[in-house]
2 protein chains.
Amino acid sequence: MKISKRAYYGLRAAVSLAEADGPVSARELAEREHIPEDFLEKILQKLRKTGIVESTKGVEGGYTFANKAASVWDILKSLDGPVRTFSSPGGKGTLPCDFPSHCRTNDVLRRLEIEIEKTLSGMTIGHLNEQLTTHNKQREDKDENRIKSCE
Amino acid sequence: MKISKRAYYGLRAAVSLAEADGPVSARELAEREHIPEDFLEKILQKLRKTGIVESTKGVEGGYTFANKAASVWDILKSLDGPVRTFSSPGGKGTLPCDFPSHCRTNDVLRRLEIEIEKTLSGMTIGHLNEQLTTHNKQREDKDENRIKSCE
DNA sequence: TTTAAATAGGACTAAATTAGTCTTACTTTG
DNA sequence: CAAAGTAAGACTAATTTAGTCCTATTTAAA
């Protein structure tokens with residue numbers, strides 16, 4: 001039930017990209033976010049394949065955020081594959097079976113899955129970044145607290 | 001974001017124990033639920049430590065379900081430790097910091113965590129087993145579908 | 001009172017997943 | 001054409017999960 005580093009890095013990268021205005025190179029982004037560069041590259045490539053991020057090659061190239069409507073859920077799905085908390089009872093969950101505890105447990109987990117999806121689909125990166133803006137403003141006010149409060 | 005086998009087995013064991021009337025030995029339970037015996041033993045010991053299950057030693061001993069009010073959440077917590085989807089921003093999540101994406105991301109994950117807890121705390125084993133009873137009744141009606149529908 | 005059926009618990013191993021690296025190739029702008 | 005970038009796949013290392021093994025202790029029944 002822990003989120004993977006991949007997903008965690010990916011979320012942070014997305015948030016960071018979304019507030020940048022031009023393309024940002026993987027190297028630059030890795031520095032900004034303190035993420036291992038090669039690993040971040042892989043992550044960005046996955047996000048590109050699902051259209052969350054766009055890339056331009058060559059000098060002055062880099063990654064841009066492509067879809068402000070993308071939700072946290074979309075990002076997690078892109079990076080870790082479909083969230084599958086339960087092992088499938090053969091497709092038709094309503095049928096009776098020989099191991100009732102198995103089916104019941106799957107029902108619970110399926111409900112959980114739906115709940116998680118609902119929660120995360122409601123949070124878009126755009127929304128996150130509104131919060132971010134406010135956050136940054138507050139930050140400028142209390143500059144002296146910065147470093148130790150987030151590590 | 002996958003549930004562990006430990007948790008999955010544990011849930012099934014709990015459901016199964018809760019519908020039994022006497023104590024059930026680990027061996028017997030392992031057979032009923034198709035769970036590796038030694039592994040199940042470990043799981044049951046964890047569940048015992050958190051009071052979800054009780055044990056009696058010796059011949060005719062075994063495990064009994066101890067707390068019908070226990071929720072799915074309680075069981076998962078017992079088995080996999082506290083669900084910690086985010087890496088802590090030093091305790092005070094509202095303070096500004098040098099890596100805003102870090103804090104924002106943690107906020108999201110913390111909200112997710114709360115949502116998961118809410119969902120799972122609402123499901124007690126007692127409730128699950130009411131469903132189970134209905135389920136078993138239905139099962140007796142359509143006996144021929146049993147085996148292949150749940151594997 | 002012995003014996004068989006249980007739990008208790010710790011140490012260990014194997015398998016799988018996750019995290020991260022390395023290498024090589026390709027693309028684009030200056 | 002050179003520098004700064006992405007693209008992609010193979011590889012390795014570290015961590016976690018799953019599962020096993022062994023030894024001790026408890027208890028009811030024969």
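Residues numbered from 1 in each chain as written. Chains lettered and ligands numbered in written order. Predicted model: local features only at pLDDT ≥ 70, side-chain atom pairs only at ≥ 80, totals over all residues. Heavy atoms only, no water.

(A) Molecular detail of the protein's contact with DNA strand D. Of all residues adjacent to DNA strand D, which total 25 residues, the nearest are A:Ala26, A:Lys42, A:Arg48, A:Ser55 and B:Lys5. A:Lys42 places a side-chain nitrogen or oxygen 2.6 Å from a base oxygen of DNA strand D. B:Val59 places a main-chain nitrogen or oxygen 3.5 Å from a base oxygen of DNA strand D. Broken down by element, the residue count for the surface near DNA strand D peaks at five residues, all from helix α3 (residues 37-49) of chain A. Among the residues making up the surface near DNA strand D, the classes are represented as seven nonpolar, eight polar and 10 charged. (Near = heavy atom within 4 Å. Polar contact = N/O pair within 3.5 Å; in protein donor to acceptor, adjacent residues only side chain to side chain. Helix = DSSP H or I, 4+ residues; strand = E, 2+ residues; numbered from the N terminus. Nonpolar A, V, L, I, M, F, W, Y, C, P; charged D, E, K, R; others polar.)

(B) View of the packing of aromatic side chains. Residue and element names in this part refer to chain A. Under the definition given, this model contains two aromatic pairs over all chains. Judged by centre distance (5.9 Å) and plane angle (85°), the rings of Tyr9 and Phe39 are edge-to-face. With Tyr9 in helix α1 (residues 5-19) and Phe39 in helix α3, the pair connects residues that are 30 residues apart, well separated along the chain. (Phe/Tyr/Trp six-rings, centres within 6.5 Å; stacked < 30°, edge-to-face > 60°.)

(C) Up close: the protein's contact with DNA strand C. Surrounding DNA strand C, one finds 25 residues, the nearest of these being A:Lys5, B:Ala26, B:Lys42, B:Arg48 and B:Ser55. Each atom of DNA strand C within 4 Å of the protein was classed as base or backbone; sugar and phosphate made up 65%. A:Lys5 is positioned with one of its backbone polar atoms (N or O) 2.6 Å from a phosphate oxygen of DNA strand C. Interatomic distance of 3.2 Å between a side-chain N/O atom of B:Tyr63 and a phosphate oxygen of DNA strand C. When residues of the surface near DNA strand C are traced back to their parent elements, those giving at least two are α1 and α3 of chain A together with α3 (37-49), β1 (53-56) and β2 (62-65) of chain B. The residue makeup of the surface near DNA strand C, split by class, is seven nonpolar, eight polar and 10 charged.

(D) Molecular detail of the environment of B:Thr56. Residues and elements named next belong to chain B. Within the fold, Thr56 resides in strand β1. Each C-alpha atom, one on Thr56 and one on Leu76, is 23 Å from the other, the two residues being 20 residues apart in sequence. When near neighbours in sequence (up to four residues on either side) are disregarded, Thr56 contacts Pro23, Gly61 and Gly62. (Contact = heavy atoms within 4.5 Å.)

(E) Region of the structure containing unusual backbone geometry. Backbone geometry at A:Glu60 places phi at a positive 70°, although glycine is not the residue there. On the basis of relative accessible area, A:Glu60 is assigned to the exposed category, the value being 72%. Of note in this structure, B:His34 is not a glycine but carries a positive phi near 55°. Structurally, B:His34 is set in the loop between α2 (26-33) and α3. Accessibility expressed as a relative area gives 53% for B:His34, which makes it exposed. (Buried < 20%, exposed > 50% of the residue type's maximum accessible area, 1.4 Å probe, protein only.)

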